[in-house]
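These are the residues of each chain, in order.
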Amino acid sequence: MKKTIFSLFISILFPTLAAQAQTPVSYFGAIPDLKVSGNEFVAKKPDGTWKAVTLHGVMDTPNDYFNGNRWSKNQNLGWPVYNNPNAVTLCKQYFTKIFQAIANPAKGSYCNLFRLPLDPAWTNDPNKTATNGGDENDISRFSVDRLRTYMGDLYVPIIKDALAHGLYVIVRPPGVFPKNVTVGDAYNEDLVTVWDIVSSNDYVKSHAGQIMFELGNEPQNMSGNLADYFQPIVNKIRQNGFTGILLLPGTSYQADYRNYNSKGINDNNFAYAVHNYPGWYGGWDANQSEANFISTFEAQVPINQKPIVITE
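The structure reproduced in this document is the subject of the present report. (Residues numbered from 1 in each chain as written. Predicted model: local features only at pLDDT ≥ 70, side-chain atom pairs only at ≥ 80, totals over all residues. Heavy atoms only, no water.)

## Overview of the overall build of the protein chain
At step 1: Looking only at helices and strands, one finds 9 helices and 13 strands in the protein chain.
At step 2: Burial status across the protein chain gives 54% buried among its 312 residues.
At step 3: Within the protein chain, contacts between residues at least 6 apart in sequence are counted, and of these 73% link residues at least 24 apart.
At step 4: Carbon and sulfur atoms make up 47% of the accessible area of the protein chain, which totals about 13,600 Å². (Helix = DSSP H or I, 4+ residues; strand = E, 2+ residues; numbered from the N terminus. Buried < 20%, exposed > 50% of the residue type's maximum accessible area, 1.4 Å probe, protein only. Contact = heavy atoms within 4.5 Å. Areas by Shrake-Rupley, 256 points an atom, 1.4 Å probe, with all protein chains shown as cover.)

## Let's talk about the packing of helix H2 (residues 85-102) against helix H4 (residues 144-164)
At step 1: Here H2 crosses H4 at 15°, and the two axes come no closer than 10 Å. In terms of axis orientation, H2 runs roughly parallel to H4. At the point where H2 passes H4, the crossing takes the right-handed sense. In this structure, H2 uses Val88, Cys91, Lys92, Phe95, Thr96 and Phe99 to contact H4, whose residues at the interface are Tyr150, Asp153, Leu154, Pro157, Ile158, Asp161 and Ala162.
At step 2: Along the lines of polarity and charge, the residues of the contact of H2 with H4 split into 9 nonpolar, 1 polar and 3 charged. (Axes fitted to C-alpha atoms, helices over the stretch in contact; angles between N-to-C directions. Parallel < 35°, antiparallel > 145°, perpendicular 65-115°, else oblique. Left-handed = near helix turned anticlockwise from the far one by under 90°. Nonpolar A, V, L, I, M, F, W, Y, C, P; charged D, E, K, R; others polar.)

## Describing the packing of aromatic side chains
At step 1: Overall, the coordinates contain 21 aromatic pairs when judged by the stated rule.
At step 2: With a centroid separation of 6.4 Å and an interplanar angle of 20°, the aromatic rings of tyrosine 257 and tyrosine 260 are classed as stacked. Here tyrosine 257 matches tyrosine 260 in class, with each residue buried.
At step 3: Each ring, one from tyrosine 257 and one from tyrosine 272, has its centre 5.3 Å from the other, and the planes form 65°; the classification is edge-to-face. With tyrosine 257 in the loop between helix H8 (251-254) and strand S12 (270-274) and tyrosine 272 in strand S12, this residue pair connects regions lying 15 residues apart in the sequence. (Phe/Tyr/Trp six-rings, centres within 6.5 Å; stacked < 30°, edge-to-face > 60°.)

## Things to note about the environment of glutamine 100
At step 1: Residue placement: glutamine 100 occurs in helix H2.
At step 2: The class of glutamine 100 is partly exposed, set by a relative accessible area of 44%.
At step 3: Taking the C-alpha atoms as reference points, glutamine 100 and histidine 165, 65 residues apart in sequence, are found 7.2 Å from one another.

## Some points on the sheet that holds strand S2 (residues 34-37)
At step 1: Taking strand neighbours across the sheet as the criterion, the 3 strands line up as S2-S3-S4 in an open arrangement whose pairing is antiparallel. Both outer strands of the open sheet, S2 and strand S4 (50-52), are each paired with one neighbouring strand and no more. Within this sheet the neighbouring strands show an average axis-to-axis angle of 40°, counted without direction.
At step 2: In terms of strand pairing, S2 meets strand S3 (residues 40-44) through 4 bridges, oriented antiparallel. Note that in S3 the partner of leucine 34 across the bridge is alanine 43. (Pairing = 2+ DSSP bridges.)

## Some points on the nonpolar core
At step 1: In terms of nonpolar packing, the biggest core is built from 90 residues, with Trp122, Phe213, Leu215 and Phe230 touching the most fellow members.
At step 2: Broken down by element, this core gets its largest block of residues, 10 residues, from H4.
At step 3: Those residues in contact with phenylalanine 230 that sit more than four places away from it in its chain are Phe177, Leu215, Leu248, Pro249, Tyr260 and Ile265. (Core = buried A, V, L, I, M, F, W, Y, C linked by side-chain atoms within 4.5 Å.)

## Considering the pattern of salt bridges
Opposite charge on two side chains lets them pair, provided their charged atoms get close.
At step 1: Under the criterion given, the structure shown has 5 salt bridges.
At step 2: Measuring nitrogen to oxygen at the nearest pair gives 2.6 Å for the salt bridge that ties lysine 263 to aspartate 228. Within this pair, whereas lysine 263 is found in the loop between H8 and S12, its partner aspartate 228 is found in helix H7 (residues 226-239), the two being separated by 35 residues in sequence.
At step 3: You can call lysine 263 partly exposed: its relative accessible area is 42%.
At step 4: Across the pair arginine 258 and aspartate 256 runs a salt bridge, and its minimum N-O distance is 2.7 Å.
At step 5: One connected set of salt bridges, linked through shared partners, spans Arg115, Glu214 and Glu312. (Salt bridge = Lys/Arg side-chain N within 4 Å of Asp/Glu carboxyl O.)

## Focus: H4
At step 1: The end-to-end C-alpha separation of H4 is 28 Å, in line with the 30 Å expected for 21 residues at 1.5 Å each.
At step 2: Taken as a whole, H4 carries its principal kink of about 55° at methionine 151.
At step 3: Within the sequence span of H4, burial applies to Arg146, Leu147, Tyr150, Met151, Leu154, Tyr155, Val156, Ile158, Ile159, Asp161, Ala162 and Leu163.
At step 4: Within two residues after H4, glycine 166 carries a phi angle of roughly 80°, on the positive side. (Expected span 1.5 Å × (residues − 1). Bend = angle between axes of the 7 residues up to and from the residue.)

## Some thoughts on the environment of threonine 54
At step 1: Relative to the assigned elements, threonine 54 resides in the loop between S4 and strand S5 (56-59).
At step 2: Along the backbone, threonine 54 and asparagine 112 are 58 residues apart, and their C-alpha atoms lie at a distance of 9.2 Å.

## Focus on the side chain of asparagine 217
At step 1: Here asparagine 217 shows up in the loop between strand S9 (211-214) and strand S10 (221-223).
At step 2: Relative accessible area serves as the criterion here: at 2%, asparagine 217 is assigned to the buried category.
At step 3: Of the polar contacts made by the side chain of asparagine 217, one reaches the side chain of arginine 115; its length is 2.9 Å.
At step 4: For asparagine 217, the residues in contact, after removing those within four places along its chain, are Arg115, Arg172, Gly175, Val176, Phe177, Gln254, His275 and Glu312. (Polar contact = N/O pair within 3.5 Å; in protein donor to acceptor, adjacent residues only side chain to side chain.)

## A few points about unusual backbone geometry
At step 1: Notably, asparagine 69 is not glycine yet its phi reads approximately 55°, a positive angle.
At step 2: Position of asparagine 69 among the secondary structure elements: in the loop between S5 and H2.
At step 3: Given a relative accessible area of 32%, asparagine 69 falls into the partly exposed group.
At step 4: Positive phi is not limited to glycine here, since tyrosine 253 has a value of about 60°.
At step 5: Of note, tyrosine 253 is situated in helix H8.

Read these as spatial facts, not as claims about activity.
See below:
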């Protein structure tokens, strides 16, 4: 699991938008609804009009291992940790501390966005044996029952806590894409199931203006069209009544969106979730060129069509 600070806009690419961060959309009680307008995210003002905004925040995953065993250490929770009800309480308490730290202007922190993976540590069945290597891209142990359980016991409470701290929330599905996928394959069906459960949740639907869905994490190679892969997922989410922003991934670990050029998604409230690590987009150490990085990024990411979120 990668952990990284992320920003809605990259200031070197969008210098005119950087100043918008001076007018935050949270750090106070209720946060306004968001929607997509052109290539911007806009927030609803009290007078009913909409204003372009910049969001900035962090991600963390409710996985004890990736958080240095901070909530299981010296707690005698047994193994697996995630079968112990006390682990749920300790995990939620840990995330409250995170939200208190990252959205606290009095102490110099100004986050207004949080990315929450539905970590497979909770959604995988520990009684099953992994059949495809056991890594994050192995869906063989995924349990619908556990996802339903922890939507109620853990994920929604964390989302509520984040919103109460003035943080918009991006929800990401469990695990990552298998290396090679094709339209209608097992993982495609698995994602439809995941988002059917998540988007059917009453609390999530009632807070659609503050919650976004990142529909998948790091597709590598796609046989077929991305739009054909994600359109059934989009359709299921909308049929369930969730009206919030949907964030679509691209191939090459969310670095290339040109596959959408031949066929786009049929929806009116979506954007793109993009990943950007050191050395990507032609910017490795031996090729340090800001102009080359920008031109490569612009060629692969449709920044003029839709807003983007750098989620990793």
